[in-house]
Amino acid sequence: MYDPSQLRTFLSVAQTLSFTQAARRLGLRQSTVSQHVRRLEDAAGRPLFTRDTHSVQLTEDGEAMLGFARRILEVHEQATAFFTGTRLRGRLRFGASEDFVLTRLPEILESFRHDHPEVDLELTVELSGTLHERLAAGKLDLVLAKRRPEDRRGELVWHDRLVWIGAERLRLDPGRPVPLIAYPPPGITRALALEALQRQGRAWRVACTSGSLNGLIAAARAGLGVMAHSRGLVPPGLVRVPDRAGLPELGRVDFVLITGERRTAAQDAADALAAAILASGDRLHTAVRTAAADR
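All values derive from a computational prediction rather than experimental measurement.

**Student:** With reference to specific residues and values, describe the packing of aromatic side chains.
**Tutor:** Inspection of every chain in the model, using the stated rule, returns 5 aromatic pairs. Seen in terms of ring centroids, phenylalanine 19 and phenylalanine 49 are 6.2 Å apart; in terms of plane orientation they differ by 65 degrees. Their pairing is edge-to-face. One end of the pair, phenylalanine 19, is in helix α2 (residues 19–26); the other, phenylalanine 49, is in strand β1 (residues 49–51), and 30 residues separate them in sequence. With respect to class, phenylalanine 19 is no different from phenylalanine 49; both count as buried. Their ring planes at 80 degrees and their centres at 6.1 Å tell us that phenylalanine 100 and tryptophan 158 sit as a pair that is edge-to-face. Taken together, the positions of phenylalanine 100 in the loop between β3 (90–97) and α5 (105–115) and tryptophan 158 in strand β6 (residues 155–166) put the pair 58 residues apart, joining distant regions of the chain. For phenylalanine 100, a relative accessible area of 2% puts it in the buried group. Note on tryptophan 158: relative accessible area 1%, which makes it buried. Of the aromatic side chains, those joined through ring pairs into one cluster are Phe10, Phe19 and Phe49.

**Student:** Account for the pairing of β6, with residues named and values stated.
**Tutor:** For β6, the tally of buried residues reaches 9 of 12 residues, placing the bulk of the element in the interior. In this sheet, strand β9 (residues 227–230) lies alongside β6 in antiparallel orientation, the contact comprising 4 bridges. In the sheet register, valine 163 faces β9, and the bridge partner there is histidine 229. Sheet analysis places β6 next to strand β10 (residues 239–240), joined by 2 bridges and oriented antiparallel. Bridge pairing links isoleucine 165 to arginine 240 in β10.

**Student:** Outline unusual backbone geometry, supporting the account with residue identities and numerical values.
**Tutor:** Across the chain, the bulk of peptide bonds are trans and the bulk of non-glycine residues have phi less than zero. The omega angle of the peptide bond from proline 185 to proline 186 is 5 degrees, so this bond is cis rather than trans. For proline 186, the position within the fold is in the loop between β7 (178–182) and α7 (188–200). One non-glycine residue, leucine 17, adopts positive backbone phi at about 50 degrees. Tracing the backbone through its elements, the reader meets leucine 17 in the loop between α1 (4–16) and α2.

Reading the values: the criteria
Sequence order as written defines the numbering, with residues in each chain counted from 1. Reporting of local features is limited, given that this is a predicted model, to residues whose pLDDT is at least 70; pairs of side-chain atoms are given and counted only at 80 or more, and all residues count toward the totals for whole chains, interfaces and linings. Only heavy atoms go into the side-chain values, all of them from the structure, while hydrogens and water stay out. When the centres of two rings from Phe, Tyr and Trp lie within 6.5 Å, Trp using its six-membered ring, the rings pair. Their planes under 30 degrees apart give stacked, over 60 give edge-to-face, and anything left gives tilted. The helix count covers DSSP runs of H or I at least four residues long, the strand count covers runs of E at least two residues long, and both are numbered beginning at the N terminus. Exposed residues in this analysis have more than 50% of their type's maximum accessible area, buried residues have under 20%, and partly exposed residues fall in between, with area computed by a 1.4 Å probe over protein chains only. Pairing between two strands requires that DSSP report at least two bridges joining them.

This is the structure:
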């Protein structure tokens with residue numbers, strides 16, 4: 001038997017790759033997180049993580065446990081809701097950043113709708129900066145978006161590094177301004193890319209601006225320029241720009257869940273959706289292949 005509390009702890013560590021971050025997310029002591037993982041490894045009879053003073057990584061058995069843990073917790077939550085008679089209802093205004101257009105987020109939302117059919121889920125897909133503004137204005141109940149590294153708001157889903165990506169055949173001329181493909185303001189990725197180029201003293205020009213991720217991808221595949229993007233969500237058909245191109249380091253970006261500061265009638269539904277996303281956070285790293293990418 002696998003303890004649900006241990007499985008939740010395991011998922012948090014797997015998604016953040018940090019015992020410290022997992023403890024903060026779960027409101028537990030770090031020693032308790034370590035104890036939960038150790039007991040789950042004892043129950044499985046195999047190590048789930050390799051860890052040292054600098055890093056935490058999933059083993060092959062840990063990767064396998066991800067899927068099992070997610071499914072066990074989903075069934076556990078369904079059974080709990082059935083026998084306690086709790087049924088969520090009402091309108092939930094959920095905002096997700098453009099970064100998740102090509103991930104498995106729709107599958108998570110479909111599962112949530114199946115489990116909570118009386119919740120009217122309204123989805124808004126926008127730039128992270130815009131979602132933060134709408135949440136602050138009380139126009140959204142829950143947001144899944146990027147935040148800047150110095151921002152402490154929200155519950156961490158996972159953190160990643162930003163990298164430069166473009167078409168494989170693209171070659172940058174070091175004597176000319178960097179052709180930049182970017183979201184319009186107030187896009188967080190755009191701001192971080194411009195700040196990095198300015199710190200390096202590198203000239204740049206905007207080759208394409210689009211509020212749609214698909215629009216940016218199309219421009220990048222056409223070889224119009226480079227774009228800053230999460231390392232874990234590189235779209236099919238694009239590759240990391242090699243270091244020899246001399247582009248500056250972009251640093252880290254966090255993906256977080258944030259609820260509104262004001263309690264609303266949708267709070268219980270927002271909490272349930274946030275829990276579902278956190279439990280399935282590893283699926284957000286999986287890009288959906290498109291027909292265009294396969295051609």
